[in-house]
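Here's the letter readout for the chains.
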Amino acid sequence: MDDHAVIAGRSRVSDRGARGQTMYGLVNRALAEMVTADHGAEVWQEIKDASGIDVGEFHAMMPYPDEVTVGLIGAASARLQIPPSVVLRALGAYWIRYTAKEGYGDLLQLAGGSFPAFLQNLDAMHARVGLSFPELQPPSFRCTDVTEASLTFHYYSARSGLTDMVLGLLEGLGQLFSLDVSITPLTLKDAGADHDTFHVTYAPL
């Protein structure tokens, strides 16, 4: 989640199908840090105010309704004058660096020593993270047709509108492994498919 133009047109932030679901504050903290680093603390405060969310600081280990994150993404999009898909994609790429800094670097290293191995171990990594975050409601990922230079990436989620964050995650992982990653959508849930699938190619930078 040029391929970005295709995704940006179809993947928009939404709480459709996610009512009653929660997301840990770690995600909102990552968004806050990313915006603050790029635009300053005053802009982040304006985004929070515009979202109508009365939270001084998000607690990493506390679950918040999905609507909180949806509201923040929408407010960030409006304030920064960029599509929600661009905010989500940037957040996905930033997430890799952020989680490593927040003490999950060892877990990231255990997930795999290569780009395809890491992707194939994402579900197992989420299972381990779930020991610390009991209310975690993660997506599921699967890789097929894996070669030395490409794979088909499958993304399953009960949530809608977060595809671009996953695409940013793939790009962030590419940076982690010093790879040039290219993503081509094959099927999209928003277009009626059972789940999203992407053809992902990767080559050394």
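Reading the values: rules and limits
Residues numbered from 1 in each chain as written. Predicted model: local features only at pLDDT ≥ 70, side-chain atom pairs only at ≥ 80, totals over all residues. Heavy atoms only, no water. Helix = DSSP H or I, 4+ residues; strand = E, 2+ residues; numbered from the N terminus. Buried < 20%, exposed > 50% of the residue type's maximum accessible area, 1.4 Å probe, protein only. Areas by Shrake-Rupley, 256 points an atom, 1.4 Å probe, with all protein chains shown as cover. Salt bridge = Lys/Arg side-chain N within 4 Å of Asp/Glu carboxyl O. Axes fitted to C-alpha atoms, helices over the stretch in contact; angles between N-to-C directions. Parallel < 35°, antiparallel > 145°, perpendicular 65-115°, else oblique. Left-handed = near helix turned anticlockwise from the far one by under 90°. Contact = heavy atoms within 4.5 Å. Nonpolar A, V, L, I, M, F, W, Y, C, P; charged D, E, K, R; others polar. Polar contact = N/O pair within 3.5 Å; in protein donor to acceptor, adjacent residues only side chain to side chain. Phe/Tyr/Trp six-rings, centres within 6.5 Å; stacked < 30°, edge-to-face > 60°.

### Overview of the overall build of the chain
Regarding its fold elements, the chain presents 8 helices and 6 strands. In the chain, the order of α-helices and β-strands from amino to carboxyl end is α-β-α-α-β-α-α-α-α-β-β-α-β-β. Scored against the burial criterion, the 205 residues of the chain give a buried share of 47%. Summed over all atoms, the accessible surface of the chain reaches about 9,800 Å², with 54% contributed by carbon and sulfur.

### Quick look at the pattern of salt bridges
Applying the stated criterion to the full structure yields 5 salt bridges. Close ionic contact of lysine 101 with glutamate 33 constitutes a salt bridge, the shortest N to O distance being 3.1 Å. Of this pair, lysine 101 sits in helix 5 (residues 84-110) while glutamate 33 is found in helix 2 (residues 25-39), placing the two residues 68 residues apart along the sequence. Judged by its relative accessible area of 26%, glutamate 33 is partly exposed.

### Notes on the packing of helix 3 (residues 41-51) against helix 4 (residues 66-80)
In contact at an axis separation of 8 Å, helix 3 and helix 4 are set at 125 degrees when each is read in the N-to-C sense. As the angle between them shows, helix 3 and helix 4 are arranged oblique. In the packing of helix 3 onto helix 4, the handedness of the crossing is right-handed. Contact residues: helix 3 offers Val43, Trp44, Glu46, Ile47, Lys48, Ala50 and Ser51, while helix 4 offers Gly71, Leu72, Ala75, Ala76, Arg79 and Leu80. For the contact of helix 3 with helix 4, the per-class residue count stands at 8 nonpolar, 2 polar and 3 charged.

### Some remarks on the environment of threonine 144
Relative to the elements of secondary structure, threonine 144 occurs in strand 3 (residues 140-144). The class of threonine 144 is partly exposed, set by a relative accessible area of 21%. A C-alpha to C-alpha distance of 7.9 Å links threonine 144 and histidine 154, two positions 10 residues apart in sequence. Within polar-contact distance, the side chain of threonine 144 engages the side chain of histidine 154 at 2.9 Å.

### Things to note about the packing of aromatic side chains
The description of an aromatic ring pair rests on the distance of the ring centres and on the angle between the ring planes. Per the counting criterion, the structure on display carries 7 aromatic pairs. Consider the rings of phenylalanine 115 and tyrosine 202, whose centres lie 5.0 Å apart with planes at 55 degrees: the pair is tilted. In this pair, phenylalanine 115 sits in helix 6 (residues 115-120) while tyrosine 202 sits in strand 6 (residues 196-204), placing the two residues 87 residues apart along the sequence. Comparing phenylalanine 115 with tyrosine 202, the two get one shared label, buried. These aromatic residues form a ring-pair network of at least three members: Tyr94, Trp95 and Tyr98.

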